[in-house]
Amino acid sequence: MNKRIWDNLYFRNLYMDRKNNGLVFLDMKKEIGTKIEELKNKHSTIILAHNYQIPEVQDIADFVGDSLDLAMRATKTDAKNIVFCGVNFMAESAKILNPDKNVIIPDIDARCPMADMVNSEDLMKLKNDNPDAEVVAYINTTAEIKTLSDICCTSSNGAKIVKNSSSEKVIFIPDRHLGAYIQRLVPDKEMILWPGLCPTHHQIRKEDILKLKKLHPEAEILVHPECRLEVIDIADYAFSTNGMVNYARKSDNKEFIIGTEKGLCHRLKKENPDKIFYPVKSAVCPNMKKITLEKVLNSLRTLEPQIKLSDEVIEKARKPLQRMMKVGRGD
Ligand code: 13P
Ligand code: SF4
């Protein structure tokens, strides 16, 4: 197709269905959405999407939420198949909690780089050096690492879980920023922090937030606790992504600076049309953005790619996840 036509926004929203006699143009989003709906019902499938997914994917999902909410939703469905629009550790958690269901992730390469910053060998060494410490694993860890952990947590309930730990010492993996934030909230515990981080949140600088505040002095600043402490220090609140959604809904304030992956602003705007949200424009998680409508449709057609884990890993990784689920939300 002529490049100039393709570059035109209208045409970019059109889909060429070659099977239907060649050049038949269809409104892409609408058509794919209809096909997704048909296949979803036919195959007894539920679509779960994280708050950072692209708007089109959030819009076709049955539930949109943060990592804790989605793990909980995954245990409350009768559907045989779960299409998980998020990153790998989230889909793995859904599989661990529902071993009898097919859990499908539309792009198997959508991985969280922070989750890949822990390896079993170094974790085992740290555990052996600190036999009295409990391992609290942020849910952003691989299934294999969960098998070596005592309890999981998310940004919603991390402080509650560390506070209630039966041990005085905690090895917290893998996010050093979230760990440092929790340590502040729970000063009585001795926390050993793994040196991992989220590249997307780590690159949000205090100056980015202050610039937005200068432009929008009435706006309240909400940030994710994966941000650096210096960013959290200038914020009004640090919340999980659902925590931000809940706060923005209840607040009388009309404007908010959002210090997290900017995909969350789609849900915030949709649920609060009378309020204004200012994202940090550079805050993008490239892995979350790997999931597209086309890939979701393909997953529904093929029920692939599926999360595959051994029975042994599922068995061992389920314990720390279930312990976390019993604690529930902390925000
Ligand atoms: P939430 O659980 O707050 O949605 O965070 C998940 C995540 O990956 C943040 O980067
Ligand atoms: Fe991982 Fe950061 Fe992306 Fe969340 S935003 S999935 S922590 S890389």
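Heads up: the structure comes first, above all this text.
What you are looking at is a predicted structure, and each value in this text was computed from that prediction instead of being measured.

Caption draft 1: The arrangement of the site of ligand 2 in detail. Surveying the vicinity of ligand 2 reveals the residues Tyr 52, Val 87, Cys 112, Pro 113, Met 114, Asn 140, Cys 198, His 201, Glu 226, Cys 285 and Met 288. Here ligand 2 is seated within the largest pocket. Of the residues assigned to the shell around ligand 2, the class counts are 8 nonpolar, 2 polar and 1 charged.

Caption draft 2: Inspection of the nonpolar core at higher detail. Core analysis: the largest hydrophobic core is formed by 65 residues, its most contacted members being Ile 36, Ile 47, Phe 84, Phe 172, Val 296 and Met 324. Here the element with the most residues in this core is helix 6 (residues 88–97); it accounts for 6 residues. Sequence-distant contacts of Ile 36, defined by excluding residues within four places in its chain, comprise Ile 47, Ile 60, Leu 293, Val 296, Leu 297 and Leu 300. Counting 16 residues, the second-largest nonpolar core is a separate cluster that includes Tyr 181, Ala 219, Val 223 and Ala 238.

Caption draft 3: Representation of the layout of surface pockets in the model. Its boundaries defined by the atoms lining it, the largest pocket holds a volume of some 280 Å³. Every residue lining the largest pocket is counted, 25 residues in all, and those nearest its centre are Tyr 52, Asn 140, His 201, Glu 226 and Met 288. Listed by contribution, the elements that provide at least two residues to the lining of the largest pocket are helix 6 and helix 11 (199–202). Examining the composition of the lining of the largest pocket, we find that 3 residues originate from one element, helix 11, more than from any other. Partitioning the lining of the largest pocket into residue classes produces 12 nonpolar, 10 polar and 3 charged. In this structure, the second largest pocket spans a volume of roughly 190 Å³. Around the second largest pocket, the lining is made up of 16 residues, and of these Ser 155, Ser 156, Ala 159, Leu 185 and Gly 330 lie nearest the centre. Elements supplying a minimum of two residues to the lining of the second largest pocket: helix 9 (158–163) and helix 10 (176–185). Residue contributions to the lining of the second largest pocket peak at 4 residues, all from helix 10. Here the lining of the second largest pocket is composed, by residue class, of 8 nonpolar, 6 polar and 2 charged.

Caption draft 4: Layout of the side chain of Thr 77. Within the secondary structure, Thr 77 sits in the loop between helix 5 (67–74) and strand 5 (81–85). Engagement of the side chain of Thr 77 in a polar contact is seen with the backbone nitrogen of Ala 79, the distance being 3.0 Å. Excluding its chain neighbours within four sequence positions, the residues that come into contact with Thr 77 are Ile 46, Ile 82 and Lys 101.

Caption draft 5: Geometry of unusual backbone geometry. For the bond running from Ile 173 to Pro 174, omega is -15 degrees, close enough to zero to count as cis. You can see Pro 174 is positioned in the loop between strand 9 (169–173) and helix 10. Put simply, Glu 304 and Pro 305 share a cis peptide bond, and its omega is -10 degrees. With a phi angle near 50 degrees, Ser 44 is a residue other than glycine that sits in the positive phi range. Position of Ser 44 among the secondary structure elements: in the loop between helix 3 (28–42) and strand 3 (45–50). Phi angles above zero are rare outside glycine, and Leu 303 is one such case at about 55 degrees. Structurally, the position occupied by Leu 303 is in the loop between helix 16 (293–302) and helix 17 (311–327).

Caption draft 6: The arrangement of the environment of Cys 152 in detail. Mapped onto the fold, Cys 152 is located in strand 8 (residues 151–153). Ignoring any residue separated from it by four or fewer positions in sequence, one finds Cys 152 in contact with Ala 137, Lys 146, Ile 161, Pro 320, Leu 321 and Met 324.

Caption draft 7: Representation of the site of ligand 1 in the model. Taken together, His 50, Tyr 52, Asp 66, Ser 67, Asn 140, Ser 155, His 201, His 224, Glu 226, Ser 240 and Thr 241 make up the full set of residues adjacent to ligand 1. In the model, an oxygen atom of ligand 1 is placed 2.7 Å from a nitrogen or oxygen of the His 50 side chain. The side chain of Thr 241 places a nitrogen or oxygen atom 2.5 Å from an oxygen atom of ligand 1. Considered on its own, ligand 1 offers 300 Å² of accessible surface; in the complex 96% of this is hidden by protein. Among the cavities detected, the one that contains ligand 1 is the largest pocket.

Cut-offs and rules
Residues numbered from 1 in each chain as written. Chains lettered and ligands numbered in written order. Predicted model: local features only at pLDDT ≥ 70, side-chain atom pairs only at ≥ 80, totals over all residues. Heavy atoms only, no water. Near = heavy atom within 4 Å. 1 Å grid on protein atoms, 1.4 Å probe; cavity = no way out; pocket = protein on both sides within 12 Å on 5 of 7 lines; lining within 4 Å. Sits in = over half its atoms within 2 Å of the grid points. Nonpolar A, V, L, I, M, F, W, Y, C, P; charged D, E, K, R; others polar. Core = buried A, V, L, I, M, F, W, Y, C linked by side-chain atoms within 4.5 Å. Buried < 20%, exposed > 50% of the residue type's maximum accessible area, 1.4 Å probe, protein only. Helix = DSSP H or I, 4+ residues; strand = E, 2+ residues; numbered from the N terminus. Contact = heavy atoms within 4.5 Å. Points joined across faces, edges and corners; volume = space filled by probe spheres on them. Polar contact = N/O pair within 3.5 Å; in protein donor to acceptor, adjacent residues only side chain to side chain. Areas by Shrake-Rupley, 256 points an atom, 1.4 Å probe, with all protein chains shown as cover.

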